[in-house]
Amino acid sequence: MNESLIRKFCESSHRKLIVSIVTILLGLAVLTPLVDEYFDNKESRRALAEELENARQTAEQLPSLEKQVAAVVAELEILEGRSVSEDTVSAYRTRLVDMIRESSCQIRRLDLAQPIRRPWKEGDSPLVEGNKSDSSGKATPFSLERRGIQLSVSGRTHDIYTLLERLQKDTTLAHPERLQIHSDGQNGETVTMELEMLLFALSRQSS
């Protein structure tokens with residue numbers, strides 16, 4: 001290194017300022033990467049702390065969510081128990097025959113039609129036939145099974161009313177479409193009831 005340059009620097013009246021500036025520049029050169037690393041680590045710790053807080057809140061909410069899921073599952077099982085699908089139609093027919101006999105009525109006709117299936121949408125109505133549904137709801141993975149039933153029974157007026165009370169109390173998802181009662185004889189002691197109903201069930205569509 002040139003000795004004259006060093007001598008000039010040592011004799012210069014601005015050497016303290018020069019030393020200070022050089023020191024500051026060197027300090028900035030060293031500290032700048034450390035500052036960047038500090039803020040990067042700080043942001044990482046903040047993100048991790050946020051994730052940890054979210055995980056803690058989720059863990060705290062888990063028992064409540066489990067209860068909600070259990071309630072929905074229980075409600076779904078109840079609704080499934082009230083529906084009449086291909087698997088349960090035979091059992092429903094047997095139960096219906098038992099209700100008729102326990103009411104002291106006689107069966108004249110009992111016809112269960114084959115189900116008509118269509119896609120089920122959110123906000124849909126089971127009373128809409130076939131593809132006439134105008135629901136703008138989103139598609140669901142389920143199909144609606146809609147089955148008609150025609151029933152004709154005879155008995156005393158009191159027994160017919162007893163049967164109607166039993167049908168009303170029955171929890172099956174059934175919708176009455178037509179009901180007609182007419183007398184069989186001149187004395188009016190025996191009457192015939194004609195009843196048409198719709199039975200419903202939801203089934204998951206096959207992929």
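In this text the structure is predicted, and so the values were computed from the model without any measurement. (Residues numbered from 1 in each chain as written. Predicted model: local features only at pLDDT ≥ 70, side-chain atom pairs only at ≥ 80, totals over all residues. Heavy atoms only, no water.)

Some details on a nonpolar patch on the surface
On the surface, Y161, L179 and I181 cluster together to form a nonpolar patch covering roughly 300 Å² of accessible area. By the secondary structure assignment, Y161 is in helix 4 (residues 157–169). Taking relative accessible area as the criterion, Y161 reaches 49% and is therefore assigned partly exposed. (Patch = residues over 30% accessible without salt bridge, like charges linked within 9 Å, V, L, I, M, F, W, Y side chains within 5 Å. Areas by Shrake-Rupley, 256 points an atom, 1.4 Å probe, with all protein chains shown as cover. Salt bridge = Lys/Arg side-chain N within 4 Å of Asp/Glu carboxyl O. Helix = DSSP H or I, 4+ residues; strand = E, 2+ residues; numbered from the N terminus. Buried < 20%, exposed > 50% of the residue type's maximum accessible area, 1.4 Å probe, protein only.)

Considerations on the environment of T162
With respect to the helices, strands and loops of the structure, T162 is situated in helix 4. For T162, a relative accessible area of 21% corresponds to the partly exposed category. Sequence separation between T162 and M99 is 63 residues; the distance between their C-alpha atoms is 9.4 Å.

Here's the deal with the pattern of salt bridges
In this structure the tally under the stated criterion is 9 salt bridges. D111 is the partner of R109 in a salt bridge, and the nearest nitrogen-oxygen pair spans 2.6 Å. For R109, a relative accessible area of 40% gives the class partly exposed. What you see here is one network of salt bridges that share partners, running through E86, R117, E145 and R147.

Side note on the nonpolar core
Core analysis: the largest hydrophobic core is formed by 20 residues, its most contacted members being Y92, L96, I100, I149, V153 and L163. For this core, the elements supplying multiple residues, two or more each, are helix 3 (89–102), strand 3 (139–156), helix 4 and strand 5 (190–204). With 6 residues, helix 3 is the single largest residue contributor to this core. (Core = buried A, V, L, I, M, F, W, Y, C linked by side-chain atoms within 4.5 Å.)

With respect to the packing of helix 3 against helix 4
Interhelical geometry of helix 3 versus helix 4 gives an angle of 145° and a closest axis separation of 9 Å. Like other packed secondary-structure pairs, helix 3 and helix 4 cross with a definite hand, here right-handed. Along the contact surface, helix 3 presents L96, M99, I100 and E102, while helix 4 presents L163, R166 and L167. Among the residues forming the contact of helix 3 with helix 4, the class breakdown is 5 nonpolar, no polar and 2 charged. (Axes fitted to C-alpha atoms, helices over the stretch in contact; angles between N-to-C directions. Left-handed = near helix turned anticlockwise from the far one by under 90°. Contact = heavy atoms within 4.5 Å. Nonpolar A, V, L, I, M, F, W, Y, C, P; charged D, E, K, R; others polar.)

Quick word on the confidence of the model for the protein
Per-residue pLDDT for the protein averages 79, and the proportion of residues at 70 or more is 72%. Averaged pLDDT values over the elements of the protein bottom out at 51 in helix 1 (residues 3–11) and peak at 95 in strand 1 (residues 106–112). (pLDDT = per-residue confidence, 0-100.)

Some details on the environment of G123
Note that G123 resides in the loop between strand 2 (116–121) and strand 3. Classification of G123 by relative accessible area gives exposed; the value is 76%. The spatial distance from the C-alpha of G123 to the C-alpha of K138 is 8.4 Å, given a sequence separation of 15 residues.

Quick word on the side chain of T172
Turning to its location among the elements, T172 is positioned in the loop between helix 4 and strand 4 (174–183). Taking the relative accessible area as the measure of exposure, T172 reaches 8% and is therefore buried. Here the side chain of T172 touches D170 through a polar contact of 2.5 Å, side chain to side chain. Setting aside residues up to four positions removed in sequence, T172 forms contacts with R82, V84, Y92, R95 and L199. (Polar contact = N/O pair within 3.5 Å; in protein donor to acceptor, adjacent residues only side chain to side chain.)

Observations regarding helix 4
In an α-helix, one full turn covers 3.6 residues, which means residues spaced three or four apart are oriented alike. Spanning 13 residues, helix 4 covers 19 Å between terminal C-alpha atoms, matching the ideal 18 Å at 1.5 Å per step. The inward-facing, buried residues of helix 4 abut helix 3, strand 3, strand 4 and strand 5. (Expected span 1.5 Å × (residues − 1).)

Some thoughts on helix 3
Between its terminal C-alpha atoms helix 3 stretches 20 Å, which fits the 20 Å expected from 14 residues at 1.5 Å a residue. Summarising the contacts, the buried residues of helix 3 are in contact with strand 1, strand 3, helix 4 and strand 5. Just downstream of helix 3 lies S104, where phi reads positive at about 65°.

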